[in-house]
Amino acid sequence: MESNTDKLINGFNEKAVKCFSRGNYVDAIKYFNEVLKIDASNFSALNNLGQTYRANGKIKLAENCFMKAIAIKPSFPEPHMNLGLIYSSLGKYEKAISYYLRALKAKEAYPQAYYNLAIGYAALGKTDNAISSYSKAIMLKPNYLEALNNLGVLYIELGKFDEAFKALTKAEEICPDSYQVLNSLGTLLKTIGKFEEALEVFHRAIKIDPKKSEARWNLGLIELLLGKYKSGWKGYLFRHSIDRSTLNFPEKKFTNNLAGQNIKIYGEQGIGDEIFFMRFLPELVSRGTVFTYRGDERISGMVQRTVTGFQKDSNVQGECLEFSIADLPFLLGCNEPVKPVLIDPLPQKVEKMREFLGSLGPPPYIGFTHRAGLVELGYLYKEVELDQLLKVLIELPGTLICMQRELENEERQVIQNGCCGREMFFQDTDMDIEDSLAMMCVLDDYIAVSNTNLHLRASVNKEARVLVTNPPDYRWGTEDKSPWFPSFSLYRQEFDMTWESGIKKLVKDLSNVYR
């Protein structure tokens, strides 16, 4: 028979759980504390109180509750895992992993602990451990949708596309209407070059949840890649790089007559992207407006001397519309590629770079960059294997200059060893952007993955050789030439992530020029 004390405890627990489920954390905390007033050693109530504090953002109080629960009953697995979640949210992955392992020691058949353990390992780059942990979670819980999705995404990042396809199609079978699974499956299809199938999957995801932006953005990127610019630029408005709380979502396009309208343009994403989107400013000005530019200060001089219609903030009178420079293609209704805007390098900078190259050795002067971008979720990272590229470069005449920013000591050593005694020059110090523009003007050839220097190279109307990584950025298209950089030669990484055909084509083209 239930005692009066047990009735009180159960009553307070029920009230607390109801309050928690409704997001009423204040009252939930009150009721869990009532339980602990009756029974201070109630480890389950301490764990639940900790979860409520964590949900309410009171991390230190949550941590203390979980520690107390563990002290009372070390074999209770939940507070170990909850501590792991706290430390994982703080970026303390090693510490989080140690608590997930303690949870698994207390309860071996614990799929959620394996799932969180896998996330911790993946965050530390321990991919084999992550795959093993996801697999154990799925073995214990075959319909574990989140684990299957994450495992599929991890396999995509590792270039193991067959394994990714198995995990994601199984997840789709379990839940055909999972937005996240469809978004991941669409990403896989894009990566392996099945663009039309990817479009169909992203459309399905959008239909499931039209308010979410991720699938809309991914759809837009593929449409731009395939030359479907009207719908593609609309999808591009949903990109993750912009804070729509500060720059409003454009609801309608500009008219052809903007006379008398002041427009403030903000930079976004990075210098390379700002330079790319500068090509749309002349069309904006042609509609009768003037604009101010709030972008990266390092290119403000380029904008001022290149595009008419620029004015300083202090000269603005009256109401001013505010937009990101990356919103311009949509706002202007651009349905065709636009050529790069030409930027005149500063004469003294050009002369400086000519003297610098002349001091290094004889022409032709050939620069190269083998990696660029950020190794972070949602960002493009581009890299060609350095050993492969060096085998091509050392056969070329003239003077070779490594233009890699933030060159690591290990990379420098690989380059020096790979040159087989040939002298290599390094221009890896941070030149200002005007120096870089001038350097791109005077180099005879430039071989690189997509990076800021390529945008500068196009701006001085010079050719370049682009090592296009997979999946390709929309600017490089899917054909032999880029519609946005028509003078550039493209060498593509295959969908299986190898470079054999791209490097072979590069060798052939270089041989035709430098015989």
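The model shown is predicted, which means the values in this text are computed figures rather than measured ones. Per chain, the residues get numbers from 1 upward, laid out in the order the sequence is written. Reporting in this predicted model follows two pLDDT cut-offs: at least 70 for local features of residues, and 80 or more for side-chain atom pairs to be given and counted; totals over whole chains, interfaces and linings ignore these cut-offs and use all residues. Computation of side-chain values covers all heavy atoms of the structure but excludes hydrogens and water.

Student: Hey, could you go over the nonpolar core for me, with residue numbers and the actual values?
Tutor: Counting 140 residues, the largest nonpolar core has Trp233, Leu281, Leu284 and Leu328 as its most contacted members. Contact definition: two residues touch when any of their heavy atoms are within 4.5 Å. When residues no more than four places from it in sequence are discounted, the contact partners of Leu281 are Ile265, Phe291, Val303, Val307, Ile325 and Leu328. Residues Val392, Leu393, Ile415 and Tyr491 belong to the second largest nonpolar core, which totals 26 residues. Here, nonpolar core refers to any group of buried Ala, Val, Leu, Ile, Met, Phe, Trp, Tyr and Cys residues whose side-chain atoms link them within 4.5 Å. Per-residue accessibility, obtained with a 1.4 Å probe over protein chains only, is compared with the maximum for each type, and a residue is labelled buried under 20%, exposed over 50%, and partly exposed between these values.

Student: Please set out the packing of aromatic side chains residue by residue, giving values where relevant.
Tutor: A pair of aromatic rings is counted whenever rings of Phe, Tyr or Trp (Trp by its six-membered ring) have centres within 6.5 Å, and the orientation is called stacked for planes under 30 degrees apart, edge-to-face for over 60 and tilted otherwise. On inspection of all chains with the given rule, the structure shows 27 aromatic pairs. Residues Trp233 and Trp484 carry aromatic rings whose centres are separated by 6.0 Å and whose planes lie at 80 degrees to one another, so their mutual orientation is edge-to-face. Of the two residues, Trp233 sits in helix α14 (residues 229-236) while Trp484 sits in the loop between β10 (465-468) and β11 (489-492), which places them 251 residues apart along the sequence. The residues Trp233 and Trp484 share a single accessibility class, namely buried. Where Phe276 meets Trp484, the ring centres are 5.6 Å apart and the plane angle is 65 degrees; that geometry is what we call edge-to-face. Of this pair, Phe276 sits in helix α15 (residues 271-277) while Trp484 is found in the loop between β10 and β11, placing the two residues 208 residues apart along the sequence. A single burial state applies to Phe276 and to Trp484, both of which are buried. Chaining the aromatic ring pairs together yields one cluster made of Tyr229, Trp233, Tyr236, Phe276, Phe277, Phe280, Tyr474, Trp476, Trp484, Phe485 and Phe488. In this scheme, Lys NZ or Arg CZ marks a charge over a ring once it lies within 6 Å of the ring centre and within 35 degrees of the ring normal. We note Lys30 situated over the ring of Tyr31; from NZ or CZ to the ring centre the distance is 4.9 Å. A cation sits over an aromatic face here: Lys107 above Tyr110, 4.5 Å from the ring centre. In this description a helix means any DSSP run of H or I spanning at least four residues, a strand means any run of E spanning at least two, and both kinds are numbered starting from the N terminus.

Student: Explain unusual backbone geometry residue by residue, including any values.
Tutor: A cis amide bond links Pro363 to the next residue, Pro364, at an omega of 0 degrees. Relative to the assigned elements, Pro364 resides in the loop between α19 (347-360) and β4 (365-369). Cis geometry is adopted by the peptide bond preceding Pro471, which originates at Asn470 and carries an omega value of 0 degrees. Locating Pro471 in the fold gives a position in the loop between β10 and β11. A positive phi angle, near 50 degrees, is found at Glu406, a position not held by glycine. Position of Glu406 among the secondary structure elements: in the loop between β7 (399-402) and α21 (409-418). Judged by its relative accessible area of 66%, Glu406 falls in the exposed class.

Coordinates in, geometry out; function isn't part of it.
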